[in-house]
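Coordinates in review
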Amino acid sequence: MSSPEMTTPMPPTNAAPEKPKANAELERLASQDYKYGFVTDIEEDRIAPGLTEDVVRLISKKKNEPEWLLEYRLKAYRRFREMLAENPAGPEWANVHYPKIDYDGIVYYSAPKQKKKLESLDEIDPQLRETYGKLGISLLEQKRLHGIAVDAVFDSVSVATTFKAELEKKGIHFCSFSEAVAEHPELVRKYLGSVVPYSDNFFACLNAAVFSDGSFAYIPKGVRCPMELSTYFRINAAGTGQFERTLLIADEGAYVSYLEGCTAPQRDENQLHAAVVELVALDRAEIKYSTVQNWYPGNAEGVGGIYNFVTKRGACRGFRSKISWTQVETGSAITWKYPSCLLIGDESVGAFYSVAMTNHHQQADTGTKMIHIGKNTKSTIISKGISAGRGNQSYRGLVKIGPKATGARNYSQCDSLLMGDKCGAHTFPYLDVANPSATVEHEATTSKISDDQLFFCRQRGISEEDAISMIVNGFCKEVLRELPMEFAVEAQNLLSVSLEGSVG
Amino acid sequence: MSKTPLIQIRNLHANAGETPILRGLTLELFPGEVHAIMGPNGSGKSTLSNVLVGRPGYEVTGGEVLFRGKNLLEMDAETRAREGIFLAFQYPVEIPGVANNYFLRTAVNAIRSHRGQPRLDAIDFLTLLREKMKLVEMPEEMMARAINEGFSGGEKKRNEILQMLLLDPSFCILDETDSGLDIDALRIVSNGVNQMRSPDRAMLVITHYQRLLDYIVPDRVHVLSKGRIARSGGKELALELEEKGYGWIEDEAGGAS
């Protein structure tokens, strides 16, 4: 990427005498515990650290994979070795900084030991069930109050999928990726790597070699999925990486809304999470993909936390197909992710709604790519960045209009909200327009919660914490309203917890 | 008129930042009273209002303030608001993204909780809001808009008075509420304020101009000079000031100190 950059550096702060009190408040609240930081003491089946061809073969064998999938992994493994030789530090163009990762020091497979194949969800290890209970996720169907089907991924494997049978009645396959390989190999083989090729980028390539599990969903022609599908990812084991793979296919005229949530224990080491998500929407199909990402962000001094290096891409292959990405990113020490849309079908529509929050020493380089290929394709980008503490974040987005994308339209809006005087926000929008009939709009703002705004609220009886939460939620509402109802509430609470008092 | 003062300010000294502004100000208001504070720029009018509401950046260096007998200066800003002190700001701030009605309900409920009253749900609040909006002639569509964003000067001031009506404070400070208002807006704002006059409530009206006091008629007028009250009188004092300016009082105050 070499287009001109527009950077919004840290603005100078006005030296109002307010500072000391608000900063003290900030520090008090910022030291709140990460509530998902517990570790589950559970017997693991884990392999020795290191990345070799044998490790790749071992993972494939543990999962009883067919030969073609092993071949796919091995191709990716070899390509990754080349990439690593060319660039031992991995990609360096993003505005994030971290020590070099030792890819040979990571455990690439860890799974909770289960004695035998489960006959029903009731047989899940009670400790696992308890873990998900603590996370507020019930895996027992009869106890679920609202109709959300859940796939739970614990370290490297999917441990439970709820409402499976009910969905199958409509022809919807919703299961773990491993089960999909066994039960629907033709679908997996057809679509795996078709949106994100194994050689796409450094982390996607690593994922293609060692991915362990993830979720799979296929919605058949004309079916509107009757409930939200969701996956909860949990990293538990120490020293491991999590490399999940998600594949969603909406066949002609199908509709699905999907949500993923992520948490991890509190550890002093950094852990690598390099996932790949591929979405395929055929004619008139629609996929809404929502993420509430709350991986452990590290402590206030920047020790520990997840490196969240994720490739997410959706292909609007069909006429009038639609894909929207909605993300609320509050966790992780470093976030590197650009959920993107390939708008191939004529009149297809892509959207990206994002709230990214960085506090303490968190870093985020996130954004999207909207690649307009078909005629009259349309994309919308709404990005809201909130930076507090010493957090540093960048919006990085590409809008590309191909020569055949007559009548393509894009609207982008990137807003940054700064809190305190030690954080940073940057915007890197790239535009590449090869069709003169296209319309591309970009708007950007940077604002700061001012002492005057906070005092105004306090003079009306509203506490500083509530005032900040109100202002931040107001700032994000265009994105939050895109989330399914239950998760919008969860996301609001998460933002409040992550942000309370983080203002000076 | 009750025998105990609602607010007692005794020998108050305060700095704005590092600069001493208030130098021994003493003032009492009883429930039901409306006092006007006038005075030239820099005499301490805004500092007084900011100190009373606990705005950061102002430091009290001496004296005391009792509100219903309680030490006001020990309370943080939100507690003072919940206890019943309201400031209509001279320059109301804009908060983009936060809808006016959502903000108002949050504020009303924060204050109601403090008073041990049940929170108002969306419907009860809307009923209350509509009733109060009529008093300041505000169109309903303004409520869905962000706080003060894109409001005219007059609309912002009406919004301040609307907040005062909703929050039902016992002590109201109006800080140059008349500045930047045309005659119609002045009439509407004054109507709102006059609706609030009651035997249980006191008001401190800070203004440069006697014009506002034609609409909101004060019981007492005080002239502030060099951080203390240089002269007090009835409403006729405001007229005298309009005619003669502040110079003669400043001279007297200067001679006295």
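Residues numbered from 1 in each chain as written. Chains lettered and ligands numbered in written order. Predicted model: local features only at pLDDT ≥ 70, side-chain atom pairs only at ≥ 80, totals over all residues. Heavy atoms only, no water.

On to the overall build of chain B, then. Looking only at helices and strands, chain B features nine helices and twelve strands. On the principal axes, the C-alpha backbone points of chain B span a range of 60 × 40 × 40 Å. Looking at chain B residue by residue over its 257 residues, the buried ones come to 55%. In chain B, of all internal contacts separated by at least 6 residues, the share reaching a separation of at least 24 is 69%. When the accessible surface of chain B is totalled, it reaches about 10,900 Å², and 47% of it is carbon and sulfur. Taking the 30 positively charged and 35 negatively charged side chains of chain B as two groups, their mean positions are separated by 3 Å. (Helix = DSSP H or I, 4+ residues; strand = E, 2+ residues; numbered from the N terminus. Buried < 20%, exposed > 50% of the residue type's maximum accessible area, 1.4 Å probe, protein only. Contact = heavy atoms within 4.5 Å. Areas by Shrake-Rupley, 256 points an atom, 1.4 Å probe, with all protein chains shown as cover. Lys, Arg positive; Asp, Glu negative; His and termini not counted. Charge placed at Lys NZ, Arg CZ, Asp CG, Glu CD.)

Right, let's get into the overall build of chain A. On a plain count of helices and strands, chain A comes out with eleven helices and 23 strands. When the 504 residues of chain A are sorted by exposure, 64% land in the buried category. Of the contacts made within chain A by residues no fewer than 6 positions apart, 83% connect residues no fewer than 24 positions apart. Carbon and sulfur atoms provide 50% of the accessible area of chain A, an area that totals close to 18,700 Å².

For the rest of this paragraph, the subject is the environment of Pro96 of chain B. Along the polypeptide, Pro96 of chain B turns up in strand β7 (residues 95-99). You can call Pro96 of chain B partly exposed: its relative accessible area is 40%. Along the sequence, Pro96 of chain B and Asn109 of chain B sit 13 residues apart, while their C-alpha atoms lie 21 Å from each other. With residues near it in sequence (within four places) discarded, Pro96 of chain B still touches Gln453 of chain A together with Ala146 and Glu149 of chain B.

Time to look at the interface of chain A and chain B. Listed as interface residues are 18 residues of chain A and, on the opposing side, 32 residues of chain B. Roughly 2,100 Å² of surface becomes buried between chain A and chain B when both sides are summed, with 67% attributable to carbon and sulfur atoms. In terms of surface lost to chain B, no three residues of chain A exceed Phe455, Phe456 and Arg460 of chain A, which account for 34% of the buried area on that side. Counting the contacts that link chain A with chain B gives three salt bridges. Asp452 of chain A is paired through a salt bridge with Arg55 of chain B; the nearest N and O atoms lie 2.8 Å apart. Summed over the shared surface of chain A and chain B, the result is ten residue pairs in polar contact (both at pLDDT 80 or more). (Buried area = accessible area lost by both parts, 1.4 Å probe. Salt bridge = Lys/Arg side-chain N within 4 Å of Asp/Glu carboxyl O. Polar contact = N/O pair within 3.5 Å; in protein donor to acceptor, adjacent residues only side chain to side chain.)

Attention shifts here to the packing of helix α3 (residues 100-114) of chain B against helix α4 (residues 122-135) of chain B. All names here are of chain B. Interaxial distance between α3 and α4 falls to 11 Å at its minimum, and their mutual angle equals 100 degrees. One element, α3, and the other, α4, form an angle in the roughly perpendicular class. Two secondary-structure elements touch here, α3 through Asn101, Leu104, Arg105 and Val108 and α4 through Ala122, Phe125 and Leu129. A breakdown of the residues in the contact of α3 with α4 according to their chemical character gives five nonpolar, one polar and one charged. (Axes fitted to C-alpha atoms, helices over the stretch in contact; angles between N-to-C directions. Parallel < 35°, antiparallel > 145°, perpendicular 65-115°, else oblique. Nonpolar A, V, L, I, M, F, W, Y, C, P; charged D, E, K, R; others polar.)

Another aspect to go through is the packing of aromatic side chains. Tallied over the full model, the rule gives 22 aromatic pairs over all chains. Centre to centre, the rings of Trp93 of chain A and Trp336 of chain A are 5.7 Å apart; their planes meet at 45 degrees, and the pair counts as tilted. Of the two residues, Trp93 of chain A is situated in the loop between α3 (67-86) and β2 (110-112) and Trp336 of chain A in strand β15 (residues 334-337); the sequence distance between them amounts to 243 residues. Trp93 of chain A sits in the partly exposed class, given a relative accessible area of 45%. Between Phe67 of chain B and Phe171 of chain B the ring centres are 6.4 Å apart and the planes differ by 45 degrees, which places this aromatic pair in the tilted class. Taken together, the residues span a long stretch of sequence, with Phe67 of chain B in strand β4 (residues 58-67) and Phe171 of chain B in strand β9 (residues 171-175) at a distance of 104 residues. When its relative accessible area of 1% is taken as the criterion, Phe67 of chain B is described as buried. Connected via pairs of aromatic rings, a cluster forms that spans Phe80, Trp93, Tyr98, Tyr103, Phe202, Phe203, Tyr307, Phe309, Trp336 and Tyr338 of chain A. (Phe/Tyr/Trp six-rings, centres within 6.5 Å; stacked < 30°, edge-to-face > 60°.)

On to the sheet that holds strand β2 (residues 19-29) of chain B, then. Residues and elements named next belong to chain B. Strands sit in the order β2-β1-β4-β5 across an open sheet of four strands; the sheet is antiparallel. Each of the sheet's edge strands pairs with one partner strand only, and the pair in question is β2 and β5 (70-71). Here β4 runs beside β5; their pairing, made up of two bridges, is antiparallel. Within β5, the residue paired with Leu66 across the bridge is Asn71. In this fold helix α1 (residues 45-53) packs onto β1 (7-16), β2 and β4, with an angle of close to 110 degrees to the strand it touches most, β1. (Pairing = 2+ DSSP bridges.)

So, about the sheet that holds strand β3 (residues 34-38) of chain B. Strand pairing within a sheet occurs via backbone hydrogen bonds; the two strands may be parallel or antiparallel. Residues and elements named next belong to chain B. Reading across from one edge, β6-β9-β10-β3-β11-β12 is the order of the six strands in this open sheet, with mixed pairing throughout. Of all the strands in the sheet, the pair left with one neighbour each is β6 (85-88) and β12 (228-233). On average, each strand axis in the sheet is inclined to that of its neighbour by 20 degrees, with strand direction left out of account. Here five bridges tie β9 to strand β10 (residues 202-206), and the two strands are oriented parallel to one another. Paired with Asp175 across the bridge in β10 is Ile206.

Below, the discussion takes up helix α5 (residues 153-167) of chain B. All names here are of chain B. The end-to-end C-alpha separation of α5 is 21 Å, in line with the 21 Å expected for 15 residues at 1.5 Å each. Of all the 15 residues making up α5, 13 are buried; the element is thus mostly covered by neighbouring parts of the structure. A positive backbone phi angle near 55 degrees is found at Asp168, which sits one or two residues after α5. (Expected span 1.5 Å × (residues − 1).)

Let us look at unusual backbone geometry. If you check the backbone angles, Arg320 of chain A has positive phi at about 55 degrees while not being a glycine. Within the secondary structure layout, Arg320 of chain A lies in the loop between β13 (305-316) and β14 (322-329). Classification of Arg320 of chain A as partly exposed rests on a relative accessible area of 41%. Residue Asp168 of chain B is not a glycine yet carries a positive backbone phi of 55 degrees. Along the chain, Asp168 of chain B falls in the loop between α5 and β9.

Residue and element names in this part refer to chain A. Summed over all chains, the structure comprises zero disulfides over all chains. Cys225 supplies the cysteine sulfur nearest to Cys175, a cysteine that is in no disulfide, at a spacing of 13 Å. Since its relative accessible area comes to 1%, Cys175 is described here as buried. Summary of cysteine pairing: Cys476 is not part of a disulfide, and the nearest cysteine sulfur, belonging to Cys414, is at 14 Å. (Disulfide = S-S within 2.5 Å.)

What follows covers the nonpolar core. Generally speaking, soluble globular proteins have nonpolar side chains that are buried together. Core analysis: the biggest nonpolar cluster contains 109 residues, and Ile386 of chain A together with Leu52 and Phe171 of chain B have the highest contact counts within it. Residues Ala76, Tyr77, Phe243 and Leu398 of chain A belong to the second largest nonpolar core, which totals 62 residues. (Core = buried A, V, L, I, M, F, W, Y, C linked by side-chain atoms within 4.5 Å.)

Attention now goes to the side chain of Glu33 of chain B. Residue and element names in this part refer to chain B. Along the chain, the position of Glu33 falls in the loop between β2 and β3. Put simply, Glu33 is tucked away with no salt bridge, and the nearest opposite charge, on Arg220, sits 6.9 Å away. At 2.8 Å, the side chain of Glu33 and the side chain of His35 are in polar contact.

All names here are of chain A. Chain-level pLDDT for chain A is 81 on average; 77% of the residues reach the 70-or-more range. Low pLDDT, under 50, characterises residues 1-31; the stretch is placed with 55 contacts to residues that sit more than four places away or in other chains. Scored below 50 in pLDDT, residues 141-146 shows twelve contacts in the model against residues more than four places distant or in partner chains. (pLDDT = per-residue confidence, 0-100.)

Residue and element names in this part refer to chain A. Inspection of every chain in the model, using the stated rule, returns 30 salt bridges over all chains. In this structure, Glu347 and Arg320 form a salt bridge, with 2.7 Å as the shortest nitrogen-oxygen distance. Linking Glu347 in the loop between β16 (340-343) and β17 (349-358) with Arg320 in the loop between β13 and β14, this pair joins segments that are 27 residues apart in sequence. Of the charged contacts in the structure, one is a salt bridge between Glu329 and Lys337, with a shortest N-O distance of 2.4 Å. The class of Lys337 is buried, set by a relative accessible area of 2%. Residues joined in a network through salt bridges with shared partners are Glu53, Arg57 and Arg78.

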